[in-house]
Amino acid sequence: MKLIRDTWLVFGRYFGLFIHNPLWVAVGVLQPVLYLVLFAPLLKPLQNMPGFPRGGAYNVFVPALLVQLGMFGAAGVGFSLISELRFGVIERLRVTPVSRVALLFGRALRDMLSIAVQSLILILIALPFGLSINPIGIIVVLGLIGLIGLLTASIAYAVALAVKSEDSYAPIVFTSTLPILLTSGVLLPLGLAPQWLKNIAAFNPLSYAVDAARAIFLAHLSDPSVLKGVVILAVLSVVAVVIGARQFGRAVA
Amino acid sequence: MFKSRQRQVEAVAGVDLNVVRGEIFGFLGPNGAGKTTTLRMLATLLPPSGGTAHVAGCDLATQPGKIRERIGYVGQAGGADREITGRTELVFQGRLYGLSVSAAQKRAAELIDMLELEGAADRKVGTYSGGQKRRLDIGLGLVHNPQLLFLDEPTTGLDPQSRARVWEEVRKMHDRGTTVFLTTHYLDEADALCDRVAIIDYGRIVAEGTPEELKRAIAGDVVTFTVAGEPQVALNLVKDQQFVRESSVEDGAIHLYVDRGEVAMPAILRLLDGAGLQLMTVELHRPSLDDVFLRRTGRSLREAAA
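Cut-offs and rules
Residues numbered from 1 in each chain as written. Chains lettered and ligands numbered in written order. Predicted model: local features only at pLDDT ≥ 70, side-chain atom pairs only at ≥ 80, totals over all residues. Helix = DSSP H or I, 4+ residues; strand = E, 2+ residues; numbered from the N terminus. Buried ≥ 20, exposed ≤ 12 C-beta atoms within 10 Å, placed from the backbone. Contact = placed C-beta atoms within 7 Å. Pairing = 2+ DSSP bridges. Axes fitted to C-alpha atoms, helices over the stretch in contact; angles between N-to-C directions. Core = buried A, V, L, I, M, F, W, Y, C linked by C-beta atoms within 7 Å. Parallel < 35°, antiparallel > 145°, perpendicular 65-115°, else oblique. Left-handed = near helix turned anticlockwise from the far one by under 90°. Nonpolar A, V, L, I, M, F, W, Y, C, P; charged D, E, K, R; others polar. Expected span 1.5 Å × (residues − 1). Domains from an automatic or database assignment. pLDDT = per-residue confidence, 0-100. Right-handed = clockwise from strand over helix to strand, strands pointing away.

Engineer: I'm lost on the overall build of chain B in this one. Help?
Structural biologist: Along its length, chain B carries 12 helices and 14 strands. Viewed in the frame of its principal axes, chain B has a C-alpha envelope of about 80 × 45 × 30 Å. Across the 306 residues in chain B, those meeting the buried criterion constitute 46%. Sequence separation of 24 or more characterises 69% of the internal contacts of chain B that already satisfy a separation of 6 or more.

Engineer: Is there a simple way to think about the sheet that holds strand E11 (residues 221-228) of chain B in this case?
Structural biologist: Whether parallel or antiparallel, the strands of a sheet pair through hydrogen bonds between backbone atoms. Residue and element names in this part refer to chain B. Reading across from one edge, E12-E13-E11-E14 is the order of the 4 strands in this open sheet, with antiparallel pairing throughout. At either end of the open sheet lies a strand with only one pairing partner, and these are strand E12 (244-250) and strand E14 (278-285). With direction set aside, neighbouring strand axes in the sheet form an average angle of 20 degrees. For E11 and strand E13 (residues 253-258), the ladder comprises 5 bridges, and the chain directions are antiparallel.

Engineer: Teacher, can you tell me more about the nonpolar core here?
Structural biologist: Membership of the largest hydrophobic core comes to 139 residues, with the highest contact counts inside it found for Val62, Val67, Leu144, Tyr157, Ala209 and Ala213 of chain A together with Phe150 of chain B. Here this core takes 16 residues from helix H7 (residues 135-163) of chain A, the largest share from any one element. Apart from the residues lying within four places of it in its own chain, the contact partners of alanine 213 of chain A are Pro63, Leu66, Val67, Val141 and Leu144 of chain A. In terms of nonpolar packing, the next biggest core, distinct from the first, is built from 11 residues, Val223, Ala234, Ala264 and Leu272 of chain B among them.

Engineer: Explain the environment of asparagine 18 of chain B here, please?
Structural biologist: One can find asparagine 18 of chain B in strand E2 (residues 15-19). Separated by 36 residues in sequence, asparagine 18 of chain B and histidine 54 of chain B place their C-alpha atoms 9.6 Å apart.

Engineer: Got a minute to help me understand the sheet that holds strand E10 (residues 204-209) of chain B in this structure?
Structural biologist: Residue and element names in this part refer to chain B. Within the open sheet, the 6 strands sit side by side as E6-E7-E8-E3-E9-E10. Their pairing is mixed. Every other strand in the sheet has two partners, leaving strand E6 (71-74) and E10 as the edge strands with one partner each. Averaged over all adjacent pairs, the angle separating strand axes in this sheet is 15 degrees, with direction ignored. Where strand E7 (residues 148-152) lies against strand E8 (residues 179-184), 5 bridges are found, and the strand directions are parallel. When the sheet's bridge partners are listed, leucine 149 is paired in E8 with valine 180. In the packing of helix H6 (residues 160-175) onto the sheet, contacts are made with strand E3 (24-28), E7 and E8, and the angle to E8 comes to roughly 150 degrees.

Engineer: What exactly am I supposed to notice about the packing of helix H2 (residues 22-46) of chain A against helix H6 (residues 100-126) of chain A here?
Structural biologist: A pair of packed helices is captured by two measures, namely the crossing angle of their axes and the spacing between those axes. Residue and element names in this part refer to chain A. As a packed pair, H2 and H6 sit with axes 9 Å apart at the nearest point and diverge in direction by 40 degrees. By the angle between their axes, H2 is oblique relative to H6. H2 and H6 meet at a crossing whose hand is right-handed. Touching Gly28, Val29, Gln31, Pro32, Val33, Tyr35 and Leu36 of H2 are Ser114, Gln118, Ile121, Leu122, Ile125 and Ala126, all from H6.

Engineer: Mind showing me how you'd approach the environment of alanine 77 of chain B here?
Structural biologist: Tracing the sequence through the fold places alanine 77 of chain B in the loop between E6 and helix H3 (86-96). The sequence separation of alanine 77 of chain B and proline 154 of chain B amounts to 77 residues, and the corresponding C-alpha distance is 9.7 Å.

Engineer: How should I be thinking about the interface of chain B and chain A in this particular structure?
Structural biologist: Think of interface size as the accessible area that goes away when the parts come together; that is how it is often given. In this complex, chain B contributes 22 residues to the contact, which on the side of chain A involves 16 residues. Looking at the side of chain B that touches chain A, the elements that each hand over two or more residues are helix H2 (64-70) and H3 of chain B. Of the residues in the side of chain B that touches chain A, the class split is 11 nonpolar, 5 polar and 6 charged.

Engineer: Is there a simple way to think about helix H10 (residues 205-217) of chain A in this case?
Structural biologist: Residues and elements named next belong to chain A. Compared with an ideal rise of 1.5 Å per residue, which puts 13 residues at 18 Å, H10 spans 19 Å between its outermost C-alpha atoms and is within 8% of the ideal. Counting buried residues in H10 gives 12 out of 13 residues, a clear majority hidden from the surface. Buried residues of H10: Leu206, Ser207, Tyr208, Ala209, Val210, Asp211, Ala212, Ala213, Arg214, Ala215, Ile216 and Phe217, and no others. Looking one or two residues past H10, alanine 219 carries a phi angle of roughly 65 degrees, positive in sign.

Engineer: Sorry, what's going on with unusual backbone geometry here?
Structural biologist: If a residue is not glycine, its phi is most likely negative; likewise, a peptide bond is most likely trans. Residues and elements named next belong to chain B. You will see that alanine 56, though not glycine, has its phi angle at about 50 degrees, which is positive. Take alanine 56: it is sitting in the loop between strand E4 (52-55) and strand E5 (58-59). On the neighbour-count criterion, alanine 56 (20 C-beta atoms within 10 Å) is buried. In this structure, tyrosine 202 is a non-glycine residue whose phi angle is positive, near 45 degrees. With respect to the helices and strands, tyrosine 202 occurs in the loop between strand E9 (196-201) and E10.

Engineer: Even after reading the chapter, I still don't get H6 of chain A, so can you show me in this structure?
Structural biologist: Taking 1.5 Å per residue as the helical rise, H6 of chain A with its 27 residues ought to reach 39 Å, and the 39 Å between its terminal C-alpha atoms agrees with that figure. In terms of burial, H6 of chain A is a largely internal element, 19 of the 27 residues being buried.

Engineer: Got a minute to help me understand the domain arrangement of chain B in this structure?
Structural biologist: Assigned domains of chain B: these are domain 1 (2-215) and domain 2 (221-286). One C-alpha centre belongs to domain 1 of chain B, the other to domain 2 of chain B; they are set 44 Å apart.

Engineer: Any chance you could explain the confidence of the model for chain B here in plain terms?
Structural biologist: One rule of thumb: low pLDDT means the predicted coordinates there are not for detailed reading. All names here are of chain B. On average, chain B scores 86 in pLDDT, and the residues at 70 or more come to 92%. Within chain B, strand E1 (residues 2-6) has the poorest average pLDDT of any element, 46, and H3 the best, 97. Confidence drops under pLDDT 50 across residues 1-9; counting only partners more than four residues distant or on other chains, this segment forms 36 contacts. Scored as a whole, the predicted complex attains pTM 0.83, and scored at its interfaces, ipTM 0.88.

Engineer: Teacher, can you tell me more about the pairing of E7 of chain B here?
Structural biologist: Walk down a regular strand and you will see the side chains alternate between the two sheet faces. All names here are of chain B. Buried residues dominate E7, accounting for 5 of its 5 residues. Taking every second residue as pointing to the same face, both faces of E7 are buried, with Leu148, Phe150 and Asp152 on one and Leu149 and Leu151 on the other. Note that the unit made of E7, H6 and E8 has a crossover that is right-handed.

This is the structure in structure tokens:
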């Protein structure tokens, strides 16, 4: 009960901070629009090329954009945490009886929500261009992308609490996200990849999320890859939340 | 109120102290002496690697949750977010301590009134002056009426007026019965504000007591005078008197370390008068906590802080 109340409080604080910052909201809305507007002209000619996956251009690329949005949107959340560390905000919160899980989970829920809303915007904009998805598919895919956001944000917070400085955090984020995205098959499908790259991809949880997202956009909701992707992400998210919460409980300067 | 025995901690090794309920206890020492580390351990922010402590009646090792409900802690950086208004922060803080929305709003209004933040409360914290910010920080630590409030360097970086204002708040808390445990590297702050002081250096307590006790135990008083003529003659005249503990001549002035200056002064005057030596200047100097620090550590606090 206390956990739910505390999580709600922490979520409310960070949601309020977000919603009262017009710049963040504008960027949050603009990001998916830009992704789509800049990608769209490149997509059309591609879909008739040999080796292009099944489904229309948008149904192939929108899932990839969403996964990318989920990850990039959450990977940078540690920056604000580091600035809060510096201003003593985290220390102040840690000295109150507030649940340590709530300190992490409340924030990560805010990130999850903002990513889900951005994803919805992207999907809605893509619909008139020829994206096809049914309402249940939208709900499932938003849940999936939200989980990517939750997982990534929890890890990002844990890393930020561990390194405590932007100078260390930034290179970690920038060097880790691209390899993870590449080996997930999100940028280019891994169907043509050499075996060693496929082996690496098998260990990348994000590649299961990509498979799941693609299946959803092919209207194959009952495809086992959907359940597999959701379960893998959900389990990993729980682990990441627990690790991140422990990080909040431990000493941070 | 609590006992603490901390051992085997890198930053803090020989800290063994008692803080009495209702007092203002000062932790005085140079930067890096281990003040903040000790405070953070006592406030449940940092797990001690050894030793025991009782804070606000609870065991630090087994009941950190209970301690958190009973203490307030105001860190050096404060802890208010620059992008939020002071009032929002106070209400949120109250909610974290379990208050309902209306109770938290009421408490925030009380604190705003008490700390005279009416003009600033609905602005973002980023626009506050140093003194306003510090008062808000203290307000955040007081939301739940803690029995014990930790203040880490509460006046560092403040202008003299804001500093006096913070002292006033600390005294008001004291009057309401709150125990205050503060750290400082300002001698005058420890002296003027604290009922009792512990002096810490390199993670060890080197002296503990009321500022008066500490000063008296270490140095007594210092009488400095100059005479028309040879200072050595005057020195020889007074140095073997019973009330003189130590004496020296520096720059032509005679320094006498005596137990009680107000008793020694007339005696010195009589001696000089009887010998026909003309007194030019005389000064009675009470020892400062810096003299205490100097005697115990071999360094001046001012040097150590630099």
